[in-house]
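Chains, contacts and geometry: an overview
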Amino acid sequence: VQLVESGGGLVQPGGSLRLSCAASGFPFSSYTMRWYRQAPGKEREFVARITGAAGSTNCADSVKGRFTISRDNAKNTVYLQMNSLKLEDTAVYYCHVFRLRDYWGQGTQVTVSS
């Protein structure tokens, strides 16, 4: 299993970013994919998830209405569209899948700053 995130960067408050996570090594379309984030000095926290077959989604209250998770099963990729970014969204964002055990990507840094 390999998860590779991309798309992070520096953005001003109110701006947008789209993160991508390219997955390989497992039957992607059958698995629920999740995004987590970890801010400096804080524990890793759940951001959003999307199921495999139906593509049902849910997200943390802190990002509801601003972030959208989606997936392209043909490309084995999961996305996180982040709009109306706030200073407190600054964190390293990780892609996650559970297949017998937890797998994590290397993370991508998102910095929201004016």
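What this report covers is the structure whose coordinates are included nearby. (Residues numbered from 1 in each chain as written. Predicted model: local features only at pLDDT ≥ 70, side-chain atom pairs only at ≥ 80, totals over all residues. Heavy atoms only, no water.)

Here we look at the pairing of strand S9 (residues 91-99)
Of all nine residues making up S9, seven are buried, and the element is well covered by its neighbours. Inspection of the sheet shows S9 paired to strand S11 (residues 108-112) by three bridges, in the antiparallel sense. Among the inter-strand pairings, alanine 91 is bridged to a residue of S11, identified as valine 110. Pairing between S9 and strand S10 (residues 101-104): four bridges, direction antiparallel. Each bridged residue has a counterpart across the sheet, and for valine 97 the counterpart in S10 is tyrosine 103. The turn linking S9 back onto S10 is made up of one residue, and leucine 100 within it adopts a positive phi angle of 70°. (Buried < 20%, exposed > 50% of the residue type's maximum accessible area, 1.4 Å probe, protein only. Helix = DSSP H or I, 4+ residues; strand = E, 2+ residues; numbered from the N terminus. Pairing = 2+ DSSP bridges.)

A closer look at the side chain of arginine 71
Considering the arrangement of structural elements, one finds arginine 71 in strand S7 (residues 67-72). Buried and unpaired, arginine 71 has no salt bridge, with aspartate 72 as the nearest side chain of opposite charge at 8.3 Å. Looking at arginine 71, its side chain comes within polar contact range of the main-chain oxygen of tyrosine 31, at 2.8 Å. A distance of 3.4 Å separates the side chain of arginine 71 from the backbone oxygen of isoleucine 50, its partner in a polar contact. Among all residues touching arginine 71, those that are not within four sequence positions of it are Phe28, Ser29, Tyr31, Thr32, Met33, Ile50, Thr51, Gly52, Thr77, Val78 and Tyr79. (Lys, Arg positive; Asp, Glu negative; His and termini not counted. Salt bridge = Lys/Arg side-chain N within 4 Å of Asp/Glu carboxyl O. Polar contact = N/O pair within 3.5 Å; in protein donor to acceptor, adjacent residues only side chain to side chain. Contact = heavy atoms within 4.5 Å.)

Quick notes on the sheet that holds S7
Pairing is antiparallel across the open sheet formed by four strands, whose spatial order is S1-S3-S8-S7. The open sheet has two edge strands with one neighbour each: strand S1 (2-6) and S7. Ignoring strand direction, the axes of neighbouring strands in this sheet form an average angle of 15°. The pairing of S1 with strand S3 (residues 17-24) spans five bridges and is antiparallel. Its bridge partner lying in S3, serine 6 is registered against serine 20. (Axes fitted to C-alpha atoms, helices over the stretch in contact; angles between N-to-C directions.)

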